[in-house]
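# Structural overview for review
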Amino acid sequence: MARHPHSEHKSSSSEMSKLSPSLKALIKAPAARPSTIPAPANITSVYQKIQQTAQSKQLSQPSWVALSTAATITMNSPESLAALYELASTNPNKQVETAELMREVGLKCISFNGIPRTINCLNALKASLPDSVTSQLSRTPTRIPTPENITAISERGLALWNSIYRPFEKKLFNKLADSHPDLPVHILYNNYGALLSDPERSTGASVGRILTSVVAVSCLRAQSGVAPQVTSHLFGLRKAIEDGSWATDVEGEEAARWLASDEGNTWILDSVDAIVDAISQGAGSNFAPGSAKL
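Below you will find a few notes about this structure. (Residues numbered from 1 in each chain as written. Predicted model: local features only at pLDDT ≥ 70, side-chain atom pairs only at ≥ 80, totals over all residues. Heavy atoms only, no water.)

### Details of the overall build of the chain
Counting its secondary structure elements, the chain contains 16 helices and zero strands. Along the first, second and third principal axes, the C-alpha set of the chain runs to 85 × 45 × 40 Å. In the chain, buried positions account for 43% of the 294 residues. Look at the contacts in the chain between residues 6 or more apart in sequence, and 76% of them connect residues 24 or more apart. Counting every atom, the chain has about 15,800 Å² of accessible surface; 55% of that belongs to carbon and sulfur. Side-chain charges in the chain split into 27 positive and 26 negative, and the spacing between the mean points of these groups amounts to 7 Å. (Helix = DSSP H or I, 4+ residues; strand = E, 2+ residues; numbered from the N terminus. Buried < 20%, exposed > 50% of the residue type's maximum accessible area, 1.4 Å probe, protein only. Contact = heavy atoms within 4.5 Å. Areas by Shrake-Rupley, 256 points an atom, 1.4 Å probe, with all protein chains shown as cover. Lys, Arg positive; Asp, Glu negative; His and termini not counted. Charge placed at Lys NZ, Arg CZ, Asp CG, Glu CD.)

As structure tokens, this is what we get:
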């Protein structure tokens, strides 16, 4: 007796809604490194050393926290991010401010790392926070595009792009367009405009001009394999001093100039390397590794 066509469709749909045990096992195969990275025993001491150097150079807390947050998210270690928050939030009057800063840095990491690691880490960060902090976090989005604000978003993105890449901003745009005509369009308007530049807001935290460059360098250094982009964003940090846009961010002039100097740049890179080394337990970046041995 022939099967009714509707019964065949129902059976097929049921099969499609399930993954076989062998497929589930393949997804979680050790060679695929399917899980987030646990916090190593020494991670707090690594963050403390970064904090101490920052304090000795009169850097603001947001600078070393932004650096450490970006590197930690790039390494996909939510447990380490929770340890960083615990260290950075010892002042009870700064706990909400610190959490807001860290999750804003996490959002900006999307431009350099993609979405998944930010989701992993921000979900875990929120789960690790005490209720007294989570209850005070902003729940108001500040980046929804509308017909009224889309021009301002584009203008902010162009201003940030020009600040970082001048005097090569047009040359770089055209070079990217040679690869794909929409590549610079996406980067400029969806990343620099909609995400990396700070919207006008009365809620949440801002990661300003200097900190955005610190986040960029930290993510890219922790990835490995992208030295030209690391170099570009180190120059971008220096150009924040040259064009005066440092003044709208968290640092005073002396601290901002130190961050943009050879010594400050070296500190950023060495600090990221220390975080990567600790979280990976000496194995190096896990952002795009070769297959692990089974």
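We are not done yet, so read on.
### Description of unusual backbone geometry
Along the chain, Arg-166 connects to Pro-167 via a cis peptide bond; the corresponding omega equals 5°. Relative to the assigned elements, Pro-167 resides in the loop between α10 (150–165) and α11 (169–179). A positive phi angle, close to 60°, is found at Asn-76, a residue other than glycine. Considering the arrangement of structural elements, one finds Asn-76 in the loop between α4 (61–74) and α5 (78–88).

### Describing the packing of helix α6 (residues 95–108) against helix α8 (residues 116–128)
With their axes 9 Å apart at the nearest point, α6 and α8 run at an angle of 170° to one another. Compared by their axis directions, α6 and α8 come out roughly antiparallel. Residue-level inspection shows Met-102, Arg-103, Gly-106 and Leu-107 of α6 in contact with α8, the latter providing Thr-118, Leu-122 and Leu-125. (Axes fitted to C-alpha atoms, helices over the stretch in contact; angles between N-to-C directions. Parallel < 35°, antiparallel > 145°, perpendicular 65-115°, else oblique.)

### Description of the nonpolar core
Counting residues in hydrophobic clusters, the biggest one holds 70 residues, and the most contacted among them are Trp-64, Val-215 and Trp-267. Of the residues forming this core, the biggest block, nine residues, is contributed by helix α13 (residues 209–223). In this structure Val-215 touches Ala-66, Ala-70, Val-105, Cys-109, Phe-112 and Val-207, once residues within four positions along its chain are discounted. (Core = buried A, V, L, I, M, F, W, Y, C linked by side-chain atoms within 4.5 Å.)

### Section: the environment of Leu-158
Here Leu-158 lies in helix α10. For the pair formed by Leu-158 and Leu-188, sequence separation is 30 residues and the distance between their alpha carbons is 6.7 Å.

### Section: the pattern of salt bridges
Tallying each qualifying case throughout the model produces ten salt bridges. A salt bridge links Arg-143 to Glu-104; the nearest nitrogen and oxygen atoms lie 2.8 Å apart. With a gap of 39 residues between them, Arg-143 in the loop between α9 (131–134) and α10 and Glu-104 in helix α6 connect regions that are remote in the sequence. Judged by relative accessible area, Arg-143 falls into the buried class, the value being 19%. Three or more residues are tied together by salt bridges with common partners; here these are Glu-104, Arg-143 and Arg-201. (Salt bridge = Lys/Arg side-chain N within 4 Å of Asp/Glu carboxyl O.)

### Thoughts on helix α14 (residues 227–242)
Over its 16 residues, α14 extends 23 Å from the first C-alpha to the last, a length consistent with the 22 Å expected when each residue adds 1.5 Å. Val-230, His-233, Leu-234, Gly-236, Leu-237, Lys-239, Ala-240 and Ile-241 are the residues of α14 that are buried. Where α14 is buried, its residues touch α7 (110–113), α10, α12 (183–196), α13, α15 (253–259) and α16 (262–280). (Expected span 1.5 Å × (residues − 1).)

### Here we look at the side chain of Ser-280
Topologically, Ser-280 is positioned in helix α16. Judged by relative accessible area, which is 16%, Ser-280 ranks as buried. Of note is the side chain of Ser-280, whose polar atom sits 2.7 Å from the backbone oxygen of Val-276. (Polar contact = N/O pair within 3.5 Å; in protein donor to acceptor, adjacent residues only side chain to side chain.)

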